[in-house]
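Chain residues, written in single-letter form:
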Amino acid sequence: MPKIYTWDQLFSRRQFIKGGLAAAAFGAAAGSGLLQPKPGLGDAQSTVTSTLSGTKYVYTICEQCVWRCGVIARVENGVVRKLEGNPDHPNNAGKLCPRGNAGIETLYSPSRVKFPLIRAGARGSGLWRRASWDEALTYTAGQMKKIKDKYGAKAMIFNSTDNLSQPFFETLLKAYGTPNYGTQRSLCFNSMTTGFLYTYGVAQPGTDYANCNYMIFSGRNLAEGISNIETQEMIDMVARGAKVVVLDPRFTKTAAKAEWLPIRPGTDLAFFLALINVLVNEKLYDVKFVSQYTQGFDELTKEVATYTPQWAEVQTEIPAGTIRRIAREFAASAPAAIAHPNWRTSNFLNSFQAERAIAVLNALVGNWAKPGGLIPDQSINTAKLGTLSHPSYPAAVGMRLDGVPWQFPMVPLAYGVLQVMRDNILTGKPYQAKGWLISRQNPVLSIPERQKTINAIMKLDFIGVIDIMANDTAYYADVILPESSYLERYDGLVPIGDEIFIRQPVIKPLYDTKSSLMIYKELAVKLGLGDFLPYQDEKDLLVQQLKPYTVSLEELERKGHYRVPNFKEDHSKDFAFQTSSGKIEIASGIMAQMGKKAVPTWEAPPKPGPDQFYLLTGKTAQHSQMFTQDNRWLLEIFPENKAWLHTTVARKLGVKTDDEVIIESEVGKIRIKAYVTEGIRPDSVFMVGGFGHVSKGLHFAYGRGASDSALHKSLADPISGSSALSQTFVRVSKA
Ligand SMILES: Nc1nc2c(c(=O)[nH]1)N[C@H]1C(S)=C(S)[C@@H](COP(=O)(O)OP(=O)(O)OC[C@H]3O[C@@H](n4cnc5c(=O)[nH]c(N)nc54)[C@H](O)[C@@H]3O)O[C@H]1N2
Ligand SMILES: Nc1nc2c(c(=O)[nH]1)N[C@H]1C(S)=C(S)[C@@H](COP(=O)(O)OP(=O)(O)OC[C@H]3O[C@@H](n4cnc5c(=O)[nH]c(N)nc54)[C@H](O)[C@@H]3O)O[C@H]1N2
Ligand code: SF4
Ligand SMILES: [Mo]
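Conventions we followed
- Residues numbered from 1 in each chain as written.
- Chains lettered and ligands numbered in written order.
- Predicted model: local features only at pLDDT ≥ 70, side-chain atom pairs only at ≥ 80, totals over all residues.
- Heavy atoms only, no water.
- Axes fitted to C-alpha atoms, helices over the stretch in contact; angles between N-to-C directions.
- Helix = DSSP H or I, 4+ residues; strand = E, 2+ residues; numbered from the N terminus.
- Parallel < 35°, antiparallel > 145°, perpendicular 65-115°, else oblique.
- Left-handed = near helix turned anticlockwise from the far one by under 90°.
- Contact = heavy atoms within 4.5 Å.
- Nonpolar A, V, L, I, M, F, W, Y, C, P; charged D, E, K, R; others polar.
- Buried < 20%, exposed > 50% of the residue type's maximum accessible area, 1.4 Å probe, protein only.
- Near = heavy atom within 4 Å.
- 1 Å grid on protein atoms, 1.4 Å probe; cavity = no way out; pocket = protein on both sides within 12 Å on 5 of 7 lines; lining within 4 Å.
- Sits in = over half its atoms within 2 Å of the grid points.
- Polar contact = N/O pair within 3.5 Å; in protein donor to acceptor, adjacent residues only side chain to side chain.
- Phe/Tyr/Trp six-rings, centres within 6.5 Å; stacked < 30°, edge-to-face > 60°.
- Domains from an automatic or database assignment.
- Expected span 1.5 Å × (residues − 1).
- Arc of directions from axis to C-beta.
- Points joined across faces, edges and corners; volume = space filled by probe spheres on them.
- UniProt positions renumbered as here; feature names shortened; annotations may be inferred.
- Salt bridge = Lys/Arg side-chain N within 4 Å of Asp/Glu carboxyl O.
- Pairing = 2+ DSSP bridges.
- Core = buried A, V, L, I, M, F, W, Y, C linked by side-chain atoms within 4.5 Å.

**Quick notes on the packing of helix α15 (residues 309-316) against helix α16 (residues 320-333)**
Inference 1: In the contact formed by α15 and α16, the axes pass within 8 Å of each other and the chain directions differ by 120 degrees. Looking at the two axes, α15 sits oblique to α16. Seen from above, α15 lies across α16 with right-handed handedness. Judged by residue contacts, Pro 309, Gln 310, Ala 312, Glu 313 and Thr 316 of α15 engage Ala 320, Ile 323 and Arg 324 from α16.
Inference 2: Residues of the contact of α15 with α16, tallied by class, amount to four nonpolar, two polar and two charged.

So, in structure tokens, the structure goes:
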């Protein structure tokens with residue numbers, strides 16, 4: 001009879017300290033206090049001395065979020081002591097954010113899953129038994145085969161969020177033959193990428209901060225929703241005196257560096273339509289650029305005629321005079337002026353229209369491919385890796401459970417609609433899903449209506465999770481395949497511009513864990529699909545990726561990056577817009593074809609009822625997504641989320657900062673501490689997402705703060721599939 005462990009036994013600190021290697025590492029790096037002062041790199045002399053005494057510096061890539069900054073790890077006698085930013089890396093130019101610095105704690109965390117686990121009690125009961133890798137993979141493959149044989153490959157769903165080895169996960173799911181793949185995109189940027197795709201034929205144009213003199217952000221908080229180098233560039237922009245405007249119902253750290261416009265949630269579209277109205281009426285647009293590169297201007301002129309600044313003032317609560325002034329300032333700075341595409345624009349169902357208006361506004365001032373403007377498709381000018389040849393994929397048979405394209409004909413296939421996929425596990429329509437394999441994603445906390453996600457999991461025959469820790473989704477899994485942390489493993493190589501970067505182990509794995517590259521490979525072998533991932537081990541794969549180049553893997557490991565010689569940028573296609581007309585589509589061909597208004601148009605967002613508030617969500621600089629809330633170093637500087645309430649609202653409720661409040665929506669109810677501030681509109685409540693974990697396997701995060709995903713309604717924009725995370729209205733009362 002195998003020994004059965006509870007989560008407490010598996011992950012208690014006492015248990016952890018008993019483990020030999022782990023104990024050494026824990027004692028050295030994590031210490032007894034919550035936040036051990038981080039060891040400094042030291043001066044040149046001590047560096048030399050310590051090199052003699054077993055110190056090494058290893059180049060690698062951060063994975064405390066999705067941004068992929070360059071890291072130099074200082075390792076002393078097998079213990080990681082310090083992570084520094086790699087000054088030669090274009091994503092961060094030598095700087096790490098708080099989360100990057102705290103990566104050591106991710107490595108040495110007692111919440112790590114240290115060996116494969118198979119569920120030994122009811123789902124979510126927290127009872128597990130240790131399994132060997134062979135047993136865990138055989139079990140996983142067995143379940144997946146059974147589902148495929150009985151119900152077809154389509155009954156198995158694969159999920160993962162952006163990561164370096166994601167292409168190999170995608171290979172596995174295509175080889176398996178399912179049409180069902182869920183990423184985070186519809187919770188994140190679908191309205192932006194779809195809006196820009198349907199205007200420019202480019203989903204994510206870049207932004208030239210270095211030369212830009214006027215930037216408008218709407219719902220983008222770069223100072224806290226960090227994109228490392230972009231955050232640095234934005235700060236540099238402010239420092240050199242360029243103008244930044246921030247539309248946000250909340251006084252963010254970015255707003256503090258800018259002209260802050262506390263816009264009414266959901267009305268950014270009205271603001272941008274009014275800017276377009278002023279540009280058109282006052283002939284402030286780039287006439288030559290518009291006639292040469294765009295189509296649909298006349299239709300736009302008619303549409304925006306009524307979207308005056310006075311009209312927009314009523315919607316947005318931003319004075320008409322301010323709107324008109326900003327339109328004029330923006331045009332005067334053009335083409336070195338950008339209405340930023342933003343990022344997590346999944347705020348309202350009308351966010352797609354807002355993004356289309358933003359895309360069109362940029363086109364009107366002709367900032368495309370100009371200094372200080374939007375930068376065309378950067379993927380063209382990126383070094384190419386060697387590819388692996390494999391058999392052709394089987395046809396993926398069946399309708400997609402996320403409704404693309406049968407319910408969402410305009411959502412690009414690659415983006416999907418994750419929240420609808422989850423809903424259809426529950427409805428069983430158009431067919432019943434039976435299995436879910438999830439890698440590097442935490443849908444229990446990231447998809448709106450948390451309880452629905454848990455119910456969906458309970459309905460399945462099988463759920464397998466690949467994670468480094470006992471996160472919420474893993475807590476409900478039948479099998480956990482533990483990945484080595486990013487400081488212990490290789491991943492696929494990363495080309496950026498003319499350079500190729502490597503993630504490599506800075507120490508050997510502390511536990512019985514594997515890289516996802518090998519987990520996918522070994523799972524593929526057990527499924528009889530080994531030929532699709534044709535590498536023996538990680539190094540073999542990396543050598544194949546480097547095949548087009550003369551550099552050896554050893555040299556890449558030593559230097560951390562490789563610059564492709566004689567790399568020439570290709571700008572010949574900058575103005576070859578991949579739209580149906582070949583032009584920038586102010587009037588979108590695809591919108592017209594689908595019987596919708598082709599130019600950006602006003603869609604009124606719903607408003608909260610009396611005694612209700614908009615519920616806003618977002619990031620804080622000290623945490624990543626649904627992941628770092630267990631990291632003790634980060635908890636030291638941001639211990640829990642609180643509900644932001646405006647002073648007048650708090651007074652009315654009789655609530656002070658740190659008093660508990662009850663927040664209730666149509667779908668859920670939570671209890672959370674209040675944070676009373678002038679920095680939010682009186683009609684809104686804000687919470688940082690990612691807290692309120694349900695997994696008892698998370699030592700430090702369990703029971704901290706509350707999850708707004710328990711309150712969020714599930715919505716999906718019919719055009720982009722975007723999830724509308726600000727379109728939930730709540731009631732607040734004193735607890
Ligand atoms: N530190 C840190 N950095 C991160 C991440 C992280 O988790 N932590 N995550 C990364 C990821 S995946 C993403 S997508 C980005 C997200 O980066 P951002 O999109 O910049 O950040 P968010 O905080 O998600 O949302 C920004 C703001 O939108 C505001 N908002 C809500 N509704 C509305 C509205 O209707 N109109 C307007 N104008 N504003 C509104 C919120 O108040 C919030 O301040 O950050 C990335 N960087
Ligand atoms: N309430 C609310 N909901 C949101 C948002 C919000 O602001 N508020 N933001 C939305 C946005 S913008 C996004 S992008 C999504 C993100 O939502 P998800 O993609 O679900 O969230 P992540 O936190 O990125 O999930 C990462 C998972 O990977 C695990 N992990 C971390 N490192 C590794 C590793 O090296 N290997 C493996 N295998 N696993 C690892 C973590 O433990 C965690 O379980 O959430 C969306 N949902
Ligand atoms: S932005 Fe911060 S957490 Fe993200 S990769 Fe860079 S250093 Fe790491
Ligand atoms: Mo995101």
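There's plenty left to go through after this.
**A look at the side chain of Ser 695**
Inference 1: Counting through the fold element by element, Ser 695 comes out in the loop between β27 (684-688) and β28 (729-734).
Inference 2: Ser 695 sits in the buried class, given a relative accessible area of 0%.
Inference 3: Contacts of Ser 695, omitting those with residues within four sequence positions, involve Ala 470, Asn 471, Asp 472, Tyr 475 and Tyr 702.

**Brief notes about the site of ligand 3**
Inference 1: Neighbouring residues of ligand 3: Cys 62, Gln 64, Cys 65, Trp 67, Arg 68, Cys 69, Leu 96, Cys 97, Arg 99, Gly 100 and Asn 228.
Inference 2: A molecule is said to occupy a pocket when more than half its atoms come within 2 Å of that pocket's grid points, and by this definition ligand 3 occupies the second largest cavity.
Inference 3: Classifying every residue of the shell around ligand 3 by side-chain character gives six nonpolar, three polar and two charged.

**With respect to the side chain of Ser 684**
Inference 1: As for its position among the elements, Ser 684 is in strand β27.
Inference 2: For Ser 684, the side chain forms a polar contact with the side chain of Asp 683, separated by 3.0 Å.
Inference 3: Each residue touching Ser 684, except ones within four places of it in the same chain, is listed here: Pro 249, Pro 265, Phe 613, Tyr 614, Leu 616 and Trp 644.

**Observations regarding the packing of aromatic side chains**
Inference 1: All told, the structure shown has 31 aromatic pairs when counted by the stated rule.
Inference 2: Ring plane angle 55 degrees and centroid distance 5.5 Å describe the contact between Phe 158 and Tyr 176, whose orientation is recorded as tilted. Note that Phe 158 is positioned in strand β7 (residues 156-160) and Tyr 176 in helix α8 (residues 166-176), a separation of 18 residues in sequence. Neither residue differs from the other here; Phe 158 and Tyr 176 are each classed as buried.

**Details of the site of ligand 1**
Inference 1: Neighbouring ligand 1 are 32 residues; Arg 220, Asn 221, Asp 268, Arg 344 and His 623 lie closest to it.
Inference 2: Contact distances for ligand 1 include 3.3 Å between a nitrogen atom and a backbone N or O atom of Gly 219.
Inference 3: A distance of 2.6 Å separates a nitrogen atom of ligand 1 from a polar side-chain atom of Asp 268.
Inference 4: Examining the composition of the shell around ligand 1, we find that three residues originate from one element, strand β23 (residues 613-618), more than from any other.
Inference 5: Structurally, the shell around ligand 1 is a two-domain feature, drawing no fewer than three residues from each of domain 1 (191-376) and domain 2 (613-734).

**A short note on α16**
Inference 1: Between its first and last C-alpha, α16 extends 20 Å over 14 residues, near the 20 Å set by a 1.5 Å rise per residue.
Inference 2: Within α16 the residues assigned to the buried category are Ala 320, Thr 322, Ile 323, Ile 326, Ala 327, Phe 330 and Ala 331. The buried residues of α16 occupy one face: seen down the axis, they fall within an arc of 165 degrees.

**Topic: empty space enclosed by the protein**
Inference 1: This structure, assessed with the given rule, holds five cavities of 30 Å³ or more.
Inference 2: A volume near 130 Å³ is recorded for the largest cavity.
Inference 3: What lines the largest cavity is a set of 13 residues, and nearest its centre among them are Asp 268, Thr 345, Asn 347, Ser 351 and Ala 354.
Inference 4: Examining the composition of the lining of the largest cavity, we find that four residues originate from one element, helix α17 (residues 351-364), more than from any other.
Inference 5: Here the lining of the largest cavity is composed, by residue class, of three nonpolar, seven polar and three charged.
Inference 6: Size it by volume and the second largest cavity reaches roughly 90 Å³.
Inference 7: Cys 62, Gln 64, Cys 65, Trp 67, Arg 68, Cys 69, Leu 96, Cys 97, Arg 99, Gly 100 and Asn 228 together form the lining of the second largest cavity.
Inference 8: When grouped by side-chain class, the residues that make up the lining of the second largest cavity number six nonpolar, three polar and two charged.

**Section: the UniProt feature "domain: 4Fe-4S Mo/W bis-MGD-type" (unreviewed entry) in the protein chain**
Inference 1: Cross-referencing UniProt, the feature "domain: 4Fe-4S Mo/W bis-MGD-type" (unreviewed entry) maps to residues 55-111 in the present numbering.
Inference 2: Between the end C-alpha atoms of residues 55-111 the distance is 27 Å, and the span holds 18% helix and 37% strand.

**Observations concerning the pattern of salt bridges**
Inference 1: Enumeration over the complete set of coordinates arrives at 41 salt bridges.
Inference 2: As a salt-bridge pair, Asp 423 and Arg 422 come within 2.9 Å of each other at their nearest N and O atoms. In terms of burial, Asp 423 and Arg 422 fall into one category: buried.
Inference 3: Notably, a salt bridge pairs Glu 483 with Arg 489, separated by 3.2 Å at the nearest N-O pair. An identical accessibility class is assigned to Glu 483 and Arg 489; each is buried.
Inference 4: If you follow the salt bridges from partner to partner, you end up with Glu 63, Arg 440, Glu 483, Arg 489, Asp 491 and Arg 503 in one network.

**Brief notes about helix α10 (residues 190-200)**
Inference 1: Taking burial as the measure, the eleven residues of α10 include ten buried ones, the bulk of the element.
Inference 2: The set of residues buried in α10 consists of Asn 190, Ser 191, Met 192, Thr 193, Thr 194, Gly 195, Phe 196, Tyr 198, Thr 199 and Tyr 200.
Inference 3: Among the structural elements, α9 (185-188), α17, β15 (374-375), β22 (584-585) and α25 (589-593) are those in contact with the buried residues of α10.

**Considerations on the sheet that holds strand β10 (residues 214-218)**
Inference 1: Spatially, β12-β11-β10-β14 is the arrangement adopted by the four strands of the open sheet, whose pairing is parallel. Every interior strand has two partners, whereas the edge strands, β12 (259-261) and β14 (337-339), have only one. When strand polarity is set aside, the average angle formed by the axes of neighbouring strands in this sheet is 10 degrees.
Inference 2: Where strand β11 (residues 243-247) lies against β12, three bridges are found, and the strand directions are parallel. In the sheet register, Val 245 faces β12, and the bridge partner there is Glu 259.
Inference 3: Across the sheet, α17 is in contact with β10 and β14; its angle to β14 comes to roughly 165 degrees.

**Focus: the nonpolar core**
Inference 1: With 70 residues, the main nonpolar core has Tyr 200, Phe 271, Phe 272 and Leu 364 as its most contacted residues.
Inference 2: The element that contributes the greatest number of residues to this core is helix α12 (residues 268-281), accounting for eleven residues.
Inference 3: Core analysis: the next-biggest nonpolar cluster, separate from the first, contains 50 residues, Ala 155, Met 156, Leu 546 and Tyr 562 among them.

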